[in-house]
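Summary of the model geometry
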Amino acid sequence: MSTDAHRDDLLPGESVAAYDVTGRRDTDYYGIFADVPAADRAAWDRARAFVDEVDTRMQHAWDTATYPVDLVRRMGELDLYVDGVDHPELTRISPLGAGLVNMEISRGDGSLGTILAVQGGLSVRTLALYGSPAQQKRWLRPLATGEVLGSFALTEPDHGSDSVSLETVARREGDEWVLRGTKKWIGNGASGGITFVWARVDDDGDELHGAVRCFLVEQDRPGYTGTVITGKASLRGIHQAHIALRDVRLPLDAVLEGTRSFRDASTVLYATRSGVAWSALGHATACYEAALQYAMQRVQFGRPLARSQMVQERLAQMLDELTAMQLYCRRLAELETSGGLRPTQASLAKYHNTRAARRIAQTARDLLGGNGILLENGVMQHMADIEAIHTYEGTESVQALLLGRDITGVGAFT
C-alpha cells in the first residue's frame, strides 16, 4: 500500500518508520492459532505463500472480471483442495488445517476462496463421500490436483434458499439417465470440467422415485450448456454459470451410488458452511490489516491517523470482532475433529462470522476515507466479496431459521 506521509507533515521527533506496521501487526491477539500442529501449519504456510505470489494478478482479475484458470491448477499443485476430507487418495489434514487454508486464501482474494470452496469443499468432498470406486479412481485425484475443474450444481433460478424443492429431473430411458432442468450460480459450471448435478428422480419404476440424487456430468455432453454470468459486482475473479440441461443423456453408472436423498446434499453443505465461517474470517482479517496499516501511515492534520482516539477506538472494535470470529472458528474445528459438530453449530458460526465480517469491512472502508474505494487498498474488493459469502451456503435468514428451529423445536420456514 502506498503512503503519502512526508517527514515535513509529522510531529517533532516522529518519522514514518516509527509508524511502520511491520512487526506490530498481531491479528491473533489471543494466540488462538499459536499451537497449530506442524502438518496443518505447513498447509497454512503454502496457502500464505500462494496468496503473496498472486496478489497483484488477482487484483487485476477482479478488476477485469476475468478467470485465471491456471491458478486453479496451481492451487492443486500445492495440495490445497483436500479440505480435511478423509480419504486414502487425499493428503490428510485436520479440520483446523483446512480452515486455516480457507482463511488464508480468502484473506488474499475472495474469488480464490470461492474456487477453493467449489473445487475442494464441494466437488472433491461430494465425490469422496458418495462416488463409486470406479468414479473415484477416475476423477478424485484429477479434481484434487486441479487437473480437472469441478462444479456442484444444486441451486436453481427459482430455488435458492428452498433448494430442497429443486425441479431438475432425471428419468430412466433404457440403459441411460436423461437429465433436464436449469441451474444457476454454479462456480466452474462453464469451465470445461465436470459437474455434480443434483436432480430429482422421475421414474415410477425406480425405488427412489421422487428422491434427490447426484449425477456426474462431463460438461462436453450434448445438451449441457454453461453460460458465464456477467455483471457481477462480487467475486469477479471466478466464473459462475447458468446451466441448461436439455435432455442430457448419461450412462446408468453416472449416478453417484451413495446419494439417495436430499440429506446427502445437505451433508456436503454443512461442511462447506463451516468453510464460509473461515472464509469470512479471512476477509475480515484482510480488512483489519489494511485499516491498521493505513492508520499507521496516513498523515492528516499533521499527525498519523493512529494518534487519533477515534481511530484507535475503531481499531479496537475491529479487533474485538475479529477475535470473536477466530474463537468461533477454532471451536468449530475442535468439534469437527471430535465428530461432534452439529449442523446448526456450523450455521451459528456462519451466521456470526459473515455478519461480523460485514461490520469490520464497513468500519475499515470508512477509516480509509476516499482511498477506501480504491482496489489497490483491498478493502472495497473484500467488502464486495463478503456480500457474496454472506448469502451463499444459506442466507442469514435461513441460518436464523435453522437455529430458531433448533432452539425452540418449532419450524418457521413457511
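Residues numbered from 1 in each chain as written. Predicted model: local features only at pLDDT ≥ 70, side-chain atom pairs only at ≥ 80, totals over all residues. Heavy atoms only, no water.

**Structural notes on the packing of aromatic side chains**
In total, this model carries 4 aromatic pairs according to the counting rule given. Ring centres of Phe 33 and Trp 278 lie 5.8 Å apart, and the angle between their planes is 35°; on these two criteria the pair is classed as tilted. Of this pair, Phe 33 sits in the segment before α1 (38-64) while Trp 278 sits in helix α6 (residues 262-297), and the two are 245 residues apart along the sequence. Of the two residues examined, Phe 33 and Trp 278, each falls in the buried class. The lysine or arginine in question, Arg 172, covers the ring of Trp 177, its NZ or CZ lying 5.4 Å from the ring centre. The ring of Trp 62 has Arg 236 lying over it, and the distance from NZ or CZ to the ring centre is 5.4 Å. (Phe/Tyr/Trp six-rings, centres within 6.5 Å; stacked < 30°, edge-to-face > 60°. Helix = DSSP H or I, 4+ residues; strand = E, 2+ residues; numbered from the N terminus. Buried < 20%, exposed > 50% of the residue type's maximum accessible area, 1.4 Å probe, protein only. Lys NZ or Arg CZ within 6 Å of the ring centre and 35° of its normal.)

**A short note on the pairing of strand β2 (residues 169-173)**
As paired strands, β2 and strand β3 (residues 176-187) are joined by 5 bridges and run antiparallel to one another. Following the sheet pairing, Arg 171 is matched in β3 by Val 178. A loop of 2 residues connects β2 with β3, the two strands running antiparallel in sequence, and Gly 174 in this loop sits at a positive phi of about 65°. Direction of pairing for β2 relative to strand β4 (residues 194-201): parallel, over a ladder of 2 bridges. What sits directly across from Ala 170, in β4, is Val 201. (Pairing = 2+ DSSP bridges.)

**Brief notes about the pattern of salt bridges**
What the rule picks out here adds up to 23 salt bridges. With its nearest N and O atoms 2.9 Å apart, the salt bridge here joins Arg 171 to Glu 173. Under the relative-accessibility criterion, Glu 173 is labelled partly exposed at 29%. Taking the shortest distance from any N to any O, the salt bridge between Arg 358 and Glu 387 comes out at 2.8 Å. In this pair, Arg 358 sits in helix α8 (residues 343-367) while Glu 387 sits in helix α9 (residues 379-391), placing the two residues 29 residues apart along the sequence. Looking at Arg 358, the relative accessible area reads 31%, which means it is partly exposed. Glu 387 sits in the partly exposed class, given a relative accessible area of 36%. (Salt bridge = Lys/Arg side-chain N within 4 Å of Asp/Glu carboxyl O.)

**Points about the packing of α6 against α8**
Orientation of α6 relative to α8, taken along the N-to-C sense of each, is 20°, at an axis distance of 8 Å. As the angle between them shows, α6 and α8 are arranged roughly parallel. For the pair α6 and α8, the sense of crossing is left-handed. Taken together, the residues of α8 that come into contact with α6 (itself represented by Tyr 270, Arg 273, Ser 274, Val 276, Ala 277, Ala 280, Ala 284, Cys 287, Tyr 288, Ala 291, Tyr 294 and Ala 295) are Pro 343, Ala 346, Ser 347, Ala 349, Lys 350, Asn 353, Thr 354, Ala 357, Ile 360, Ala 361, Ala 364 and Leu 367. Of the residues contributing to the contact of α6 with α8, the split by class is 18 nonpolar, 4 polar and 2 charged. (Axes fitted to C-alpha atoms, helices over the stretch in contact; angles between N-to-C directions. Parallel < 35°, antiparallel > 145°, perpendicular 65-115°, else oblique. Left-handed = near helix turned anticlockwise from the far one by under 90°. Contact = heavy atoms within 4.5 Å. Nonpolar A, V, L, I, M, F, W, Y, C, P; charged D, E, K, R; others polar.)

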